[in-house]
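Structural overview for review
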Amino acid sequence: MKQIIIVLCLIISGQAFSQITLQGVVKDSVGNPLELANVIAINKVTNALESYGITNDKGKFKLDLETNSMYSIQVSYVGMKTYNEEVTTGESNVIKDFTLSSDNTLDEVELVYEMPVTVKGDTLVYNADSFKSGTERKLEDVLKKLPGVEIDDDGQIKVEGKTVSKVMVEGKDFFDGDSKLATKNIPSDAVDKVQVLKNFAEVGQLSGVQNNQDNIAINIKLKEGKDNFWFGTVTAGAGLASEDGLYLVQPKVFYYNPKYSINFIGDLNNIGEVAFTRRDYFNFSGGFRMPSRQSGTNISLGNNNLGFLTMQNNRAKEINSKFAALNFSYSPKKTLDLSGFAIFTSNRTRMQENNSIQYTNSNLGIPDEDTQTNTNQKSDLGMVKLSAKYKPNSSNQLDYDILARTSKESQDQYVVSSVLGNTDQSENSDPYSINQNLNYYYTLNDKNIFALEIQHLLQDEDPFYNAVLENMDGPDDADNYYSTADGLGLDLNQSVYNINQEKRVKTNQLDAKLDYWYVLNQKSNLNLTLGTIYSNQKFNSNIFQLLDSNETLDPAPSINDGLIGNDINYTFSDLYMGLHYQLKAGIFTFTPGFSVHSYSSKNEQFNIDYTNNFFQFLPDFDTRIQLKKSEHININYRMQTQFTDVNQLAEGIVMNNYNSFFTGNYALENSLSHNVSLTYFSFNMFNYTNVFANINYNKNIDQIRNQSIFEDGSVIRLSSPFNSNFSDESLSANGRFQRTFKKLRATASANFSYTKFNQFINGLRSINENYNQNYRMQLGSNFREAPNFEVGYRFGIQDSDLGTTYNKTFTNAPSVEFDALIWKRFTFRTEYAYTRVSPQDREAQVFDFWDASLNYRKDQDAKWEFELKATNLLNTQSQSQTNVSDFSISINDYYIQPRFITLRAVYNL
């Protein structure tokens, strides 16, 4: 690391001594400064674009140029004549102003070079070739080099600190805007321009009345020759591992023309390159957004997915992956657009992890526990979406979408516990859901705009759970399942405890609203909203014991008043009206408002009907301070209600796990939250500085908490929810600073979060406090000819106080990435990451990863490319991390795939 820093210092100092600065002001003919004017410098000897700049709000610009050189300076601005002048540099800095005159005709000076970055209103346009060095292969390689753009650890695109909500190619949605599928699969050599669309409005009719300040979309413009032709790559590879052979097949092909487009992505491999994870699948919304998302009402539908052990950083002991995705769009006429996609992903995963668990409030007799878990997962997931958009004229637009999901999943786990002995678990589920969306937008005239949004969800979930536990020596053994089995009413005279649970959750939900905007004038409007949410959930569950004779036993528990099965019908409705007023006054935009709700909930179970009807007033307020075109402050306050799902209400015993049981509470009420946030954005194209900062505070009143009862001397617990009289609070703050210095870009970011919540265990209340701090610094280069690098350092502090249990963990993680284009034919890329996890009072855990690849292609237009790729070169066996839950702190060792080396052939269409 020390040698790297020395080399960087030499590079920076060498550039500093060989360059001078040309700076000045660009004005119009009457002396007014021109903001966002473009200034470029073309080297007269090499005829190459040497430097570029964009003026700030005072018309200032700055260019870094070589000493003793001749340049052609071009200055351009929309509506002005392009100005051209030759400048010769010496050994000292140059100050020069430029004056542009109005242009009523076409420019007489032809712009030979395109600006690397141009600003057109709320749109930033990046010329991709200006940032490429020749080592890029995918869209994400290009985006990482663009000022103000980053790819986070989850593969999502962020611009100026905001997550990109939609990715399009030639104006057509790419898999409904999923950014990860776009960044990982679109080839870099097809990208001509990257258009960043800030304040993006999904519906043009509402752009003047809706608040779209947090909506950012990216549109990829293809290079000439990539439209009306198939393009993409087909990759095939093989390799050797310690036991089995390795294989890889990845076809990725695309076709675009003005009338229709087709995209296909395929992936078949056993080397752990998961194109679409299970988490990606369940997070994939398909572009659906609840109409009531801004109403102040939040209703949970619960999580009835299997308790899948999640892969860490897409790593596991063994991964076999299949993936296929097809996306299309078709415009049979100008007024009608049809589109859709189909996605199928299949994974076979083997995982192993060891956990050392320390429970909170150790004085209650809860023992520490060591577990070893071996897991086999099978997951087949599919979804299909069809969409239609009909827009006969500028005043009418009708949208319809239907999204169907289905899956077939199973998980088998063998758990060895230092407290409970050996346990075999198995889970399986075959759920499905159908989501439909109908939207209609109507503009009566310049003053009156209407929008109707209706969404319907039909969902059926059927998770099945089985646990087989050891039956050891009887009640005198403190380390077994005897007392739990006795309380559940199981037959104790069996060789094992074979417990099974059937569950079925059916959900039917309608979410609809009608919006009306009355435009008072250019600076203000009124918005009236009428909406409703109707939700019905039916929940059934049954626990039974499979005996040694293969007969089944329905237990009669001695706990929970003997209630063990569930048959509950839960209905929730919300009728609401909202009113908001928007006013623009100078640099301020005020949007105060409120909503009034009539809530009704009813659950029927065990011959008891519980009904709760009440009214709620929910205010909200938003203020935007536009300091400059690319700098603003946003202040937001929102009061919200949170309603629970049917799982929390069902009073019969439910198994969450073999050591975790749950009973609901039919009388649960809603919780109330106050949320305040302050956000600052600044994107300065004059000195290429990007600043983002946010602070958020949340306070929950009547929060639903769990009362957990642990068996004496065991880790088995029974939990039940209730509305806590004690408020829970959270505070988070994060910031990011990025600055470009010539060919170097430095980034510093910090994240802090604090949560305080009340925990109730064995009748005792404790206040749990968690502090998390993460700091990251990165320095990277963007040379056109020389090799490029990025060095980073991440430092984290996890500080957890869980009653009488306290833990503090430090994480140190330096990393380095390097890529080079050698002799214009070979591309060498490598990355190394070192992590040291240091829990307080425990031995530090260290692991590191080193990956490298070497590519060969004859030239940039070559059809064939060959790649030698190695992952986990150091053959690291496992990685460690600290996990904090509501009532425990654990140190986790997670085992991963060994060293893999593969040879791949890539054919470019």
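Structure first, text after, so check above.
Residues numbered from 1 in each chain as written. Predicted model: local features only at pLDDT ≥ 70, side-chain atom pairs only at ≥ 80, totals over all residues. Heavy atoms only, no water.

1. As for the overall build of the protein chain
- Assigned secondary structure in the protein chain consists of 6 helices and 53 strands.
- Computed over its C-alpha atoms, the radius of gyration of the protein chain comes to 30 Å, within 12% of the 29 Å expected for a compact globule of 909 residues.
- Projected onto its principal axes, the C-alpha positions of the protein chain cover 95 × 70 × 55 Å.
- Taking all 909 residues of the protein chain together, 51% fall into the buried category.
- Restricting to contacts in the protein chain with at least 6 residues of sequence separation, those with at least 24 account for 66%.
- Per element, the accessible surface of the protein chain, about 41000 Å² overall, is 52% carbon and sulfur.
- A distance of 10 Å separates the average location of the 82 positive side-chain charges in the protein chain from that of its 106 negative side-chain charges. (Helix = DSSP H or I, 4+ residues; strand = E, 2+ residues; numbered from the N terminus. Rg over C-alpha atoms; globule rule 2.2 N^0.38 Å. Buried < 20%, exposed > 50% of the residue type's maximum accessible area, 1.4 Å probe, protein only. Contact = heavy atoms within 4.5 Å. Areas by Shrake-Rupley, 256 points an atom, 1.4 Å probe, with all protein chains shown as cover. Lys, Arg positive; Asp, Glu negative; His and termini not counted. Charge placed at Lys NZ, Arg CZ, Asp CG, Glu CD.)

2. Some words on unusual backbone geometry
- One non-glycine residue, F175, lies in the positive phi region at around 45°.
- The residue F175 is located in the loop between β15 (172-173) and α3 (179-185) in this model.
- Accessibility expressed as a relative area gives 0% for F175, which makes it buried.

3. As for empty space enclosed by the protein
- Taken as a whole and assessed by the stated rule, the structure comprises 2 cavities of 30 Å³ or more.
- In this structure, the largest cavity encloses a volume near 110 Å³.
- If you trace the largest cavity, you find 14 residues lining it, with Y570, S601, F643, L668 and E669 closest to the centre.
- Ranked by residue count, the leading element in the lining of the largest cavity is strand β34 (residues 588-605), at 3 residues.
- Residue composition of the lining of the largest cavity, grouped by class: 6 nonpolar, 6 polar and 2 charged.
- Taken together, F282, N304, N305, L306, S407, E409, S429, P431 and E461 make up the lining of the second largest cavity.
- Classifying every residue of the lining of the second largest cavity gives 3 nonpolar, 4 polar and 2 charged. (1 Å grid on protein atoms, 1.4 Å probe; cavity = no way out; pocket = protein on both sides within 12 Å on 5 of 7 lines; lining within 4 Å. Points joined across faces, edges and corners; volume = space filled by probe spheres on them. Nonpolar A, V, L, I, M, F, W, Y, C, P; charged D, E, K, R; others polar.)

4. Considering the packing of aromatic side chains
- Tallied over the full model, the rule gives 34 aromatic pairs.
- Their ring planes at 35° and their centres at 5.1 Å tell us that F681 and F692 sit as a pair that is tilted. On the criterion of sequence distance, the pair formed by F681 in strand β39 (residues 671-684) and F692 in strand β40 (residues 689-701) is long-range, its members being 11 residues apart. You'll find F681 and F692 in the same group, each marked buried.
- Among the aromatic residues, those joined into a ring-pair cluster are F174, F175, F231, F254, Y256 and F341.
- For R405, the ring lying beneath its charged end belongs to Y281, and the centroid distance is 5.1 Å.
- The aromatic ring of F726 is capped on one face by R765, whose charged end is 3.7 Å from the ring centroid. (Phe/Tyr/Trp six-rings, centres within 6.5 Å; stacked < 30°, edge-to-face > 60°. Lys NZ or Arg CZ within 6 Å of the ring centre and 35° of its normal.)

5. Re the pattern of salt bridges
- What the rule picks out here adds up to 26 salt bridges.
- Across the pair E136 and K145 runs a salt bridge, and its minimum N-O distance is 2.4 Å. The pair formed by E136 and K145 is uniform in burial state, with each residue classed as buried.
- In this structure, E140 engages K184 in a salt bridge whose closest nitrogen and oxygen atoms are separated by 3.3 Å. Taken as a pair, E140 in helix α2 (residues 139-143) and K184 in helix α3 lie far apart in primary sequence, 44 residues in all.
- What emerges from the salt-bridge pattern is a single network uniting D57, K58, K628 and E631. (Salt bridge = Lys/Arg side-chain N within 4 Å of Asp/Glu carboxyl O.)

6. Digging into the pairing of strand β28 (residues 448-461)
- One ladder, built from 12 bridges, connects strand β27 (residues 432-443) with β28; its direction is antiparallel. Residue pairing in the sheet places I434 in a bridge with L458 of β28.
- From the end of β27 to the start of β28, which pair antiparallel, there are 4 residues.
- Inspection of the sheet shows β28 paired to strand β30 (residues 496-521) by 14 bridges, in the antiparallel sense. Bridge pairing in β30 places H456 opposite L510. (Pairing = 2+ DSSP bridges.)

7. A closer look at the environment of E66
- The residue E66 is located in strand β4 (residues 60-66) in this model.
- When the C-alpha positions of E66 and Y907 are compared, they lie 40 Å apart, and in sequence the two are 841 residues distant.

8. Remarks on the sheet that holds strand β3 (residues 49-54)
- Across the sheet, 4 strands lie side by side as β3-β2-β5-β6; this open sheet has antiparallel pairing. Strand pairing shows two members of the sheet lacking a second neighbour, β3 and β6 (83-88), which therefore form its edges. Between one strand and the next, the sheet's axes are offset by a mean angle of 20°, whatever the strand orientation.
- The sheet contact formed by strand β2 (residues 38-43) and strand β5 (residues 70-76) spans 6 bridges and is antiparallel. Counterpart to I40 in the pairing with β5 is Q74. (Axes fitted to C-alpha atoms, helices over the stretch in contact; angles between N-to-C directions.)

9. Side note on the nonpolar core
- Ranked by size, the top nonpolar core spans 54 residues in total, and within it Y126, F174 and I343 carry the most contacts.
- No other element matches the 4 residues that strand β17 (residues 216-222) contributes to this core.
- Discounting residues that sit within four places of it in the chain, Y126 has contacts with P116, V117, F131, L146, P147, V149, D192, K193, V194, V196 and F683.
- Ranked by size, the runner-up nonpolar core spans 27 residues in total, among them Y359, L420, Y481 and I716. (Core = buried A, V, L, I, M, F, W, Y, C linked by side-chain atoms within 4.5 Å.)

10. A few points about the side chain of T443
- Take T443: it is sitting in strand β27.
- Beyond its immediate chain neighbours, meaning those up to four positions away, T443 contacts Q205, S395, N448 and I449.

11. Observations regarding the sheet that holds strand β13 (residues 162-163)
- With antiparallel pairing, 3 strands are arranged side by side in an open sheet as β11-β12-β13. At either margin of the open sheet sits one strand with a lone partner, and together these are β11 (149-151) and β13.
- Examined bridge by bridge, strand β12 (residues 157-159) and β13 share 2 bridges and lie antiparallel to one another. Paired with V159 across the strands is K162, a residue of β13.

12. Side note on the environment of D173
- Along the polypeptide, D173 turns up in strand β15.
- Take D173: its relative accessible area is 30%, and that puts it in the partly exposed class.
- In this structure, the C-alpha to C-alpha distance between D173 and I434, residues 261 residues apart in sequence, is 21 Å.
- For D173, the residues in contact, after removing those within four places along its chain, are K166, V167, M168 and N327.

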